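Spelled out from the first residue to the last, the chains are:
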Number of protein chains: 4
Amino acid sequence: MEAVLPEGVTPPGTRGRILEAGLELFAESGFAGASIRQIAGMVGINSATLYAHYPSKGHVLAELVRIGHEEMRTRLTEAAAKTRGDSAARQLAALVRAHVLLHTDHPLLAVVTNGELHALPPELSAPSLQLREECRLLLADVVERGIADGEFELDDPLLAVTAIGGLGVQVAQWFGPALDRTREQVADQYARFALRIVNADR
Amino acid sequence: MEAVLPEGVTPPGTRGRILEAGLELFAESGFAGASIRQIAGMVGINSATLYAHYPSKGHVLAELVRIGHEEMRTRLTEAAAKTRGDSAARQLAALVRAHVLLHTDHPLLAVVTNGELHALPPELSAPSLQLREECRLLLADVVERGIADGEFELDDPLLAVTAIGGLGVQVAQWFGPALDRTREQVADQYARFALRIVNADR
Amino acid sequence: MEAVLPEGVTPPGTRGRILEAGLELFAESGFAGASIRQIAGMVGINSATLYAHYPSKGHVLAELVRIGHEEMRTRLTEAAAKTRGDSAARQLAALVRAHVLLHTDHPLLAVVTNGELHALPPELSAPSLQLREECRLLLADVVERGIADGEFELDDPLLAVTAIGGLGVQVAQWFGPALDRTREQVADQYARFALRIVNADR
Amino acid sequence: MEAVLPEGVTPPGTRGRILEAGLELFAESGFAGASIRQIAGMVGINSATLYAHYPSKGHVLAELVRIGHEEMRTRLTEAAAKTRGDSAARQLAALVRAHVLLHTDHPLLAVVTNGELHALPPELSAPSLQLREECRLLLADVVERGIADGEFELDDPLLAVTAIGGLGVQVAQWFGPALDRTREQVADQYARFALRIVNADR
DNA sequence: GATGAATGAGGATTCATTCAT
DNA sequence: CATGAATGAATCCTCATTCAT
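What counts as what
- Every residue gets a number counted from 1 within its own chain, in the order that chain's sequence is written.
- Whichever chain is written first becomes A and whichever ligand is written first becomes 1, with later ones labelled in order.
- In keeping with the predicted nature of the model, local features appear solely for residues at pLDDT of at least 70, side-chain atom pairs appear and are counted solely at 80 or more, and the whole-chain, interface and lining totals rest on all residues.
- Side-chain measures were taken over the full set of non-hydrogen atoms in the model, leaving aside hydrogen atoms and water.
- Being near a molecule or strand, for a residue, comes down to having at least one heavy atom within 4 Å of it.
- Polar contact is the term for a pair of N or O atoms within 3.5 Å; when the atoms are in protein, one must be able to donate a hydrogen and the other to accept it, and sequence-neighboring residues count only if both atoms are side-chain atoms.
- Helix and strand definitions here come from DSSP, where helices need a minimum of 4 consecutive H or I residues and strands a minimum of 2 consecutive E residues; each element is numbered from the N-terminal end.
- Exposure categories follow from relative accessible area, calculated using a 1.4 Å probe and restricted to protein chains: below 20% of the type maximum is buried, above 50% is exposed, and the middle band is partly exposed.
- Working rule for contacts: check all heavy atoms of both residues, and any pair within 4.5 Å makes them a contact.
- Lys, Arg, Asp and Glu make up the charged group, whereas Ala, Val, Leu, Ile, Met, Phe, Trp, Tyr, Cys and Pro make up the nonpolar group; the residues left over, Gly among them, are polar.
- Superposing copies: least-squares fit, C-alpha atoms only, residues required to have pLDDT of at least 70 in both.
- Should a side-chain nitrogen of Lys or Arg be within 4 Å of a carboxyl oxygen of Asp or Glu, the pair is scored as a salt bridge.

J.: What's the story with the protein's contact with DNA strand E in this structure? I'm lost.
T.: Every one of the 32 residues lining DNA strand E counts as a neighbour, but T49(A), Y51(B), T49(C), H53(C) and Y51(D) are closest to it. Across the atoms of DNA strand E situated within 4 Å of the protein, the share located in sugar and phosphate is 64%. Note that a phosphate oxygen of DNA strand E is positioned 3.0 Å from one of the backbone N or O atoms of K57(B). If you list the elements that add at least two residues to the surface near DNA strand E, you get helix 2 (36-43) of chain B together with helix 2 (36-43) of chain D.

Okay, structure coming up:
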């Protein structure tokens, strides 16, 4: 699978190509399993040259993780903003659609962002953890509003939020050209699943 | 988190302790990130001694992955057997409950089983991939039966099966004593989410 | 004994010093008995640095074996060329002299070249084996010509060629400053022995 | 090539099988290149069991080297004894025949005996070095007698002795079923070569 | 920016050997 | 006699990183 970073955030030139190579290799082999020489080899530079662009292997991962989380925050925030004032159901659907599309559009980035965060020292992972919590709150707020409005019906809202978030995350594990569904089809279906989970799809 | 292997499958003595240490370390750092010396250190043996029990680091992982997939197959098969003849909804609930409980009871094993399979050479991963497909079919069959019986209502059964499967898998990422929910509570809620996804919870 | 490589073929700098150290140690302890750390220690570098110059221990041996065989081919070919048109006896003497001098001048290289070839994987030893066969043919042709011309008298030319070749090879086992013979003296005597073996020294 | 030890000297049972396996492996890979586990594996015993028969890997080699040198001494002494009173030429021929036959009959043993002696600590190699010198003297004496009797004509007897000895040693490198010569044919030819070297074959 | 050479630490694995059973 | 488990030392080699050029 090709490593695609979100538009506009990839640094130009060698820096960007290092990031793309790192993304692909970290996704495939994990942070520990990918070597600086592999990354450099994929970029076509000497491994020492990498240090002219990033101070360490960890900083390459850190930038990827940051980009991944920022992209998530951006997309979810936009989705929430665009549906401000709509019913909780419509807003939830928009959030889930955005979340799923994030994972269909950047599956490798999602895999690295979610799966390799543990490899970062706390001071590098902290900002990402905060973004993640922000996003969770975005979702949780909508669910709570839906309950308050009587739109949703849930015994355990926290588990519902967790489940709906998990649904989207899993998409990165399997979405690809092998599947004969478009990103839109998956997003629509998953939004519907979410509405059903909160019992808004009656 | 303590590394707990399913009952009855842990080899006795040093072999079993190696497996437990490997489970914990592979879950925490990934296959490449965990060293043979770390594993041996956790067991309290010299790293060379490990080779009296397993021919390579990969074989330790392979056995863990095999155990994980066999436990999944066992539990799902049992759940299906116990509900043979029941309505598709009851059977789906039983399968999801079993799937979720697998992930609450052995979260580390699930993380390793799902996340480190790629580190195995194909000949060691093939048997596990087949078990995984078996389990997917178990779930898919129930969903199809539910549709045929008019119990379930779904536009895209394949995506629903994927989503329901993904729900359970994600549980391993967060379930733990920090959460004030019992394994049973999570399983019940998730079973209900699954029924809602297939629109059987009307 | 000091490890002396043929003039002009030693790579400059560290690469060459690695080769010389390898030569000495492989000759003394065999390929398996010499460690990469010993070689590096003799050169005065870290053992990891060796891999900046050769991809593996085997490649160090391979280059030595290649140099040894090429030097043999060069010397024998030159000797044959310089005596083109001479009698078979004179040409045989020239070949044996060249062969013996090769072994007095580079005894360690000969020991490694002949004795450690088996340690190389086939794809690395094949070129050397071909050079060796070339040299054997050079000798065999002269002997056959001598027989055809009536200069030599032999029941079993193949065994004679083998014996004469073997004579030279053995020189590397004992020639050294301890012996009070010069390289020229040994070469002259051995050339004479060869002529006697083919019964040209009547 | 099968590892054949001289008759009557192989210890019975496991001890002997260890010796044969060691012979084969030391000949193929050198002392350092052959492992105790390989030897044990070839014998069909656990590697620890080997220590019930030999106190160390070095002692296995030491016994092989001792057997090899004793066999050489035995055969050469017998050849000399059987030709006591004969002309120097006949005795030289007998010695060379015996020497060559030793190397056709036990090529692996010769390779190990000559090529791996350096791997032994001095106190284990000393006895063998003495046997070797004994054999050299046997040959040197005959050559000197031939010169004194006027049978042989040599400028440099020492080199001649070395050359004739070397001839035989080399036989172990190539003699085998691939060659369409019998052991007797090789021995006869080489004896003749030796006589020619000393110029007794006029 | 880029590189080749260098390094100390550590990787997985094998070594010869020991010992309780 | 034989073994399985154990070990400390050593194996080859790769690691991330540095630095002079």
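There's more to say after this.
J.: Which parts of the structure should I look at to understand unusual backbone geometry?
T.: Most peptide bonds adopt trans geometry, and most residues besides glycine take a negative phi value. Positive phi, normally seen in glycine, also occurs at N199(A), with a value near 60 degrees. Along the polypeptide, N199(A) turns up in the segment after helix 8 (183-197).

J.: Explain the environment of A160(C) here, please?
T.: On the secondary structure map, A160(C) appears in helix 7 (residues 157-174). The class of A160(C) is buried, set by a relative accessible area of 0%. Through-space distance from the C-alpha of A160(C) to that of A194(C) is 8.8 Å; in sequence the pair is 34 residues apart. Dropping the residues within four chain positions of it, A160(C) is found in contact with L154(C), I197(C) and F193(D).

J.: What's the story with the protein's contact with DNA strand F in this structure? I'm lost.
T.: With respect to spatial proximity, 32 residues lie near DNA strand F, and among them Y51(A), T49(B), H53(B), R37(C) and Y51(C) are the closest. Those atoms of DNA strand F that come within 4 Å of the protein belong to sugar or phosphate at a rate of 64%. The separation between a phosphate oxygen of DNA strand F and a polar main-chain atom of I36(A) is 3.0 Å. Between a phosphate oxygen of DNA strand F and a main-chain N or O atom of A34(C), the distance comes to 3.5 Å. Elements supplying a minimum of two residues to the surface near DNA strand F: helix 2 (36-43) of chain A together with helix 2 (36-43) of chain C. Residues that form the surface near DNA strand F fall into these classes: 13 nonpolar, 14 polar and five charged.

J.: What is the right way to look at the relation of the copies chain D and chain C in this model?
T.: Superposition of the two copies of the chain requires a rotation about an axis and a shift along the axis. Overlay of chain D on chain C (RMSD 0.1 Å): rotation 180 degrees, translation along the axis 0.1 Å. One copy is carried onto the other by what is essentially a two-fold rotation axis. Residue by residue, 100% of the interface of chain D is reproduced at the interface of chain C, so both copies engage with the same surface.

J.: Help me out: how do you make sense of the interface of chain D and chain C in this one?
T.: Facing 31 residues of chain D, the contacting portion of chain C comprises 31 residues. At the junction of chain D with chain C, the criterion picks out five salt bridges. Here D155(D) makes a salt bridge to R192(C), at a shortest N to O gap of 2.7 Å. If you look at where chain D meets chain C, you find twelve residue pairs in polar contact (both at pLDDT 80 or more). Those elements giving two or more residues to the side of chain D that touches chain C turn out to be helix 1 (13-33), helix 7 (157-174) and helix 8 (183-197) of chain D. For the side of chain D that touches chain C, the element with the highest residue contribution is helix 7 of chain D, accounting for ten residues. In the side of chain D that touches chain C, the residues fall into 15 nonpolar, nine polar and seven charged.

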